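Spelled out, the chains give:
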Amino acid sequence: MSTKRKGQPILLGRAEETSTWEAILRATQPELKTCLHRWLEQNGFTSVSRDGYLYAAGDICYNADRTVAMSPQGIGGDDRAGVWMALHILEQVRCHVVFCEDEEIGCVGARKFSRRAQLPQVNYIVEMDRRGANDAVFYRCDNPDFTEYVCGFGFEVAYGSCSDISYIAPSIGTAAVNISCGYYCEHQRYEYIRIDQMRRNAQRIAEMVAAPSPRFEYREREEWIPGRWFDAPPVWWRQKRIPHRENLMRLPEDANVLLHGRELAKDQFLIDRDGNVYRYLPDLQAAIVLEQARAQDAAGTPYSFRPANSRLYRILSVEEAIERLQTMA
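Residues numbered from 1 in each chain as written. Predicted model: local features only at pLDDT ≥ 70, side-chain atom pairs only at ≥ 80, totals over all residues. Heavy atoms only, no water.

**Overview of the sheet that holds strand E19 (residues 293-296)**
Convention followed: Each pair of strands is called paired provided DSSP finds at least two bridges between the two strands. In this description a helix means any DSSP run of H or I spanning at least four residues, a strand means any run of E spanning at least two, and both kinds are numbered starting from the N terminus.
The strand order E15-E14-E19 describes an open sheet built from three strands, whose pairing is antiparallel. Edge positions in the open sheet fall to strand E15 (262-263) and E19, since each of these has one partner strand only. Pairing analysis gives two bridges linking strand E14 (residues 256-259) to E15, with the strands arranged antiparallel. Of the residues in E15, the one forming a bridge with Leu258 is Glu263.

**Digging into the pattern of salt bridges**
To keep it simple, the criterion reads: The term salt bridge refers to a side-chain nitrogen of Lys or Arg lying within 4 Å of a carboxyl oxygen of Asp or Glu. Only protein chains enter the accessibility calculation, which uses a 1.4 Å probe; a residue is then buried when its area is under 20% of its type maximum, exposed when over 50%, and partly exposed in between.
On inspection of all chains with the given rule, the structure shows five salt bridges. Close ionic contact of Asp135 with Arg130 constitutes a salt bridge, the shortest N to O distance being 3.0 Å. Of the residues examined, Asp135 reaches a relative accessible area of 22% and is grouped as partly exposed. Ionic pairing is found between Arg140 and Glu220, a salt bridge with its closest N-O pair at 2.7 Å.

**Here we look at the confidence of the model for the chain**
Rules: Residue-level confidence of the predictor is summarised by pLDDT, bounded by 0 at the bottom and 100 at the top. By the convention used here, residues are in contact when the closest approach between their heavy atoms is within 4.5 Å.
Predicted confidence across the chain gives a mean pLDDT of 76, with 74% of residues reaching 70 or more. Per-element averaging of pLDDT across the chain places strand E5 (residues 74-76) at the bottom with 31 and strand E10 (residues 176-180) at the top with 95. Contacts from residues 65-78, a stretch scored under 50 in pLDDT, to residues over four places away or in other chains number 61 contacts. Within the model, pLDDT remains below 50 along residues 224-243, and this stretch shows 63 contacts once partners closer than five positions in the same chain are excluded.

**Observations concerning the packing of aromatic side chains**
Cut-off, in case you're wondering: In this scheme Phe, Tyr and Trp rings, the latter by its six-membered ring, pair at centre separations within 6.5 Å, and the angle between planes marks the pair as stacked below 30 degrees, edge-to-face above 60, and tilted otherwise.
Inspection of the entire model under this criterion finds eight aromatic pairs. Where Tyr149 meets Phe153, the ring centres are 5.4 Å apart and the plane angle is 70°; that geometry is what we call edge-to-face. Judged by its relative accessible area of 16%, Tyr149 falls in the buried class. Taken together through their ring pairs, the aromatic side chains of Tyr124, Phe138, Phe146, Tyr149, Phe153 and Phe216 make up a single cluster.

**Examining helix H6 (residues 165-172)**
Of all eight residues making up H6, six are buried, and the element is well covered by its neighbours. Regarding H6, the residues found buried are Ile165, Ser166, Tyr167, Ile168, Ala169 and Ile172. Residues of H6 that are buried make contact with strand E6 (97-100), helix H4 (108-114), strand E7 (125-130), strand E8 (135-137) and E10. Within two residues after H6, Gly173 carries a phi angle of roughly 80°, on the positive side.

Okay, here's the thing in C-alpha cells:
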C-alpha cells in the first residue's frame, strides 16, 4: 500500500492514487491493519494496535478566535470504502480515528475498544459503514440537536439495526452517526462502489469534522426487544414513524432472502428499485423494510426491479407494525 506525504489529500484519478485504492481493496484484513498502522505512524499519529482494533488519538483544535473548543471526532470504518474515506479525512483534519474489525459477526472490535480503560472524549462520532449515497443512521442515539447538525450537511435520516457505533457511542456517552460510503450489494460478488459518492461524502464529513461544534451527548432511544443477533443490541429500535408509499415489485415464492447470512423462511417478499428487500404483512396491508437483507434466485442471481411489475405499497416502520399487530391480537 503506497503512502502520501502529510498534507496531500488522497484523491482518485491518477495512476498512483488508483494503485492505493486497489491496494485497499485487495489487502487481507491483517495486511490492511498493518498498512494502516504504518500509514498513521508515517503521518505523525501515535497509534495503538490491539486485537480487534487500531486506534490513533487526534489533536485538540479551536476556532479562529479560540472561543469554541472542538474536541476531535471519532471516525470508524471497517469496510474498504470507509477506510479510504477515513484516510482522505485524516489528510485534512487531525482527529481521533479507530478502525474496528469483524463488525459483521457481532461488532467484535468495537466491543473490545469500548472496554478500554481510557476512552477518548469527543464532540461526536462519525462511522462510515453504510451503503448508499446519502444516509445518516443514528440507531439508538436519540439527540435531535445532533440529528439536525448532521442533516445540515446534506445527509438524510435513515434507519438501521446495529453497527460498531451501537457499542462505542453509549460507552463514551457521545452521539454518533453512520454515514453512507457509496457501496451497494454488500457481501456479494457483484458488490460495487460509486466512487463519486464515496469521494463526495468523505469531503462532506471532513467539512463537518473541521467545523466548530458543541459536544453532543448520547441519549438512548426507547427500545422494544423481540430478540438479539450475535449478542448485539436489539435489532428493532423504537423509530420515528415513517408511513409513506413506495413502488415495490413482488418476488416469486421460491425467492431466497438472506439476512446476516441466514436464509429467511418463505414469505411474501418485495424489492424496490434499489434492491432493498421488504416483507409484506397481509393483516396490515403494508410492508416493512428488512435492513441489510438481500434477495436472489436459486442460482444466486439478484432480482432485477421491473417497474411494469410493481405497484404502490404502504410502508410502515417496524415499531408501528408491531404496535398494530399487538392491537389486533
